[in-house]
Amino acid sequence: MMWPNFFLQQEEERAAGLRGRGGGKRRPALTDAQEGKIKLAFFVAIVGVTLTVLAVGTEFWVELNTYKQNHSAMCEAAHYGLWKFCYKRLWVEDVEVERATCGPAELPGEANCSYFKFFSTGENARIFQRTTKKELNITAAVISLLSITLMVMGSLCITMALSKGVEFLLKPASCFFIISGIMVLISLEVFRHSVRWLVSSDQSVPLEYEYSWSVACAVAAGAVLIFGGGCFILLSLPELPKKPCECCVPSTTTSSA
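It should be emphasised that the depicted structure is a prediction, and the values quoted were computed from it without experimental measurement.

Visitor: Looking at this structure, I do not really get the sheet that holds strand β3 (residues 84-91). What am I missing?
Guide: Whenever strands of a sheet pair, they do so through backbone hydrogen bonds, lying parallel or antiparallel. Across the sheet, five strands lie side by side as β4-β3-β2-β1-β7; this open sheet has antiparallel pairing. Edge positions in the open sheet fall to β4 (109-115) and β7 (207-211), since each of these has one partner strand only. This sheet shows a mean twist of 20° between the axes of neighbouring strands, independent of strand direction. Sheet analysis places strand β1 (residues 62-66) next to strand β2 (residues 74-80), joined by four bridges and oriented antiparallel. Looking at the pairing, Leu64 lines up with Ala78 of β2. In the packing of helix α4 (residues 170-200) onto the sheet, the strands contacted are β1, β2 and β7, and the crossing angle to β7 comes to about 175°.

Dropping the structure here:
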């Protein structure tokens, strides 16, 4: 009868030791103040994610507007984004009289939209006798998708940090959001170069181009994501003492000892 009791006692001591070691490594849960700050910063990041998805999913990045012609009831315009482009025939009477070109593209008219073929067959698109440079367009689209992937990873880190009460996940989340914001801005710059290439590829049809509201959403998204990532970095830093002199002046108990 002594041997079973001995083994049971050994098992209980081992289990108690494991519980003690596990309790020593466990980090304290987030306070209500910390959780509120993280949720606020997460809301800022979600705004950036929403603006990015809105920009990437719409085709109002740039508008190409031909000049209005005399004695013509309609004029032509086009607008496109990362995936799709649209031709539009607008009524000249709907266009502002002071405006020399057709547009803006939001005006009602006959629209014909299609996706770029360089994602499927590898063909360049032709818009008003001008040819796109597919390498630049594909690069801008891929960078935007990679940025959204990083946003999803950052959101998962924040969700786990809030649900598990751990603070160390704020640092990778901040890196994900900051890098994704930078990548959104890089995608914009690559897209700008593709637009300049398209416009300069042919001059037979005179036109003017202007960036539209999707670009404004992308610029705002990049800035908001970088700001949100910076907020997570500040939240992940250790708290400073309430009194700055505490870190320089030793405590009275230490000096007396």
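Visitor: Is there a simple way to explain the packing of helix α3 (residues 134-164) against α4 in this structure?
Guide: Each pair of packed helices can be described by the angle between their axes along with the distance between the axes. The N-to-C vectors of α3 and α4 enclose an angle of 165°; their axes lie 8 Å apart at closest approach. Classed by the angle they form, the pair α3 and α4 counts as roughly antiparallel. Relative to α4, the crossing made by α3 is left-handed. Its residues assigned to classes, the contact of α3 with α4 shows 21 nonpolar, ten polar and no charged.

Visitor: Teacher, can you tell me more about the packing of aromatic side chains here?
Guide: In this description, an aromatic ring pair is defined by two values, namely the gap between the centres and the angle between the planes. Counted by the stated rule, this structure contains twelve aromatic pairs. On the numbers, 5.8 Å between centres and 90° between planes, the contact of Tyr80 with Phe116 is edge-to-face. Linking Tyr80 in strand β2 with Phe116 in the loop between β4 and β5 (126-127), this pair joins segments that are 36 residues apart in sequence. Taking relative accessible area as the criterion, Phe116 reaches 3% and is therefore assigned buried. Between Phe116 and Phe118 the ring centres are 4.8 Å apart and the planes differ by 15°, which places this aromatic pair in the stacked class. Classification of Phe118 by relative accessible area gives buried; the value is 5%. Members of the aromatic cluster, connected to one another through ring pairs, are Trp61, Tyr80, Trp83, Phe85, Tyr87, Phe116, Phe118, Phe119, Phe128 and Phe191. Here the basic side chain of Lys133 rests over the ring of Trp197, its NZ or CZ set 4.5 Å away from the ring centre.

Cut-offs and rules
Residues numbered from 1 in each chain as written. Predicted model: local features only at pLDDT ≥ 70, side-chain atom pairs only at ≥ 80, totals over all residues. Heavy atoms only, no water. Pairing = 2+ DSSP bridges. Helix = DSSP H or I, 4+ residues; strand = E, 2+ residues; numbered from the N terminus. Axes fitted to C-alpha atoms, helices over the stretch in contact; angles between N-to-C directions. Contact = heavy atoms within 4.5 Å. Parallel < 35°, antiparallel > 145°, perpendicular 65-115°, else oblique. Left-handed = near helix turned anticlockwise from the far one by under 90°. Nonpolar A, V, L, I, M, F, W, Y, C, P; charged D, E, K, R; others polar. Phe/Tyr/Trp six-rings, centres within 6.5 Å; stacked < 30°, edge-to-face > 60°. Buried < 20%, exposed > 50% of the residue type's maximum accessible area, 1.4 Å probe, protein only. Lys NZ or Arg CZ within 6 Å of the ring centre and 35° of its normal.

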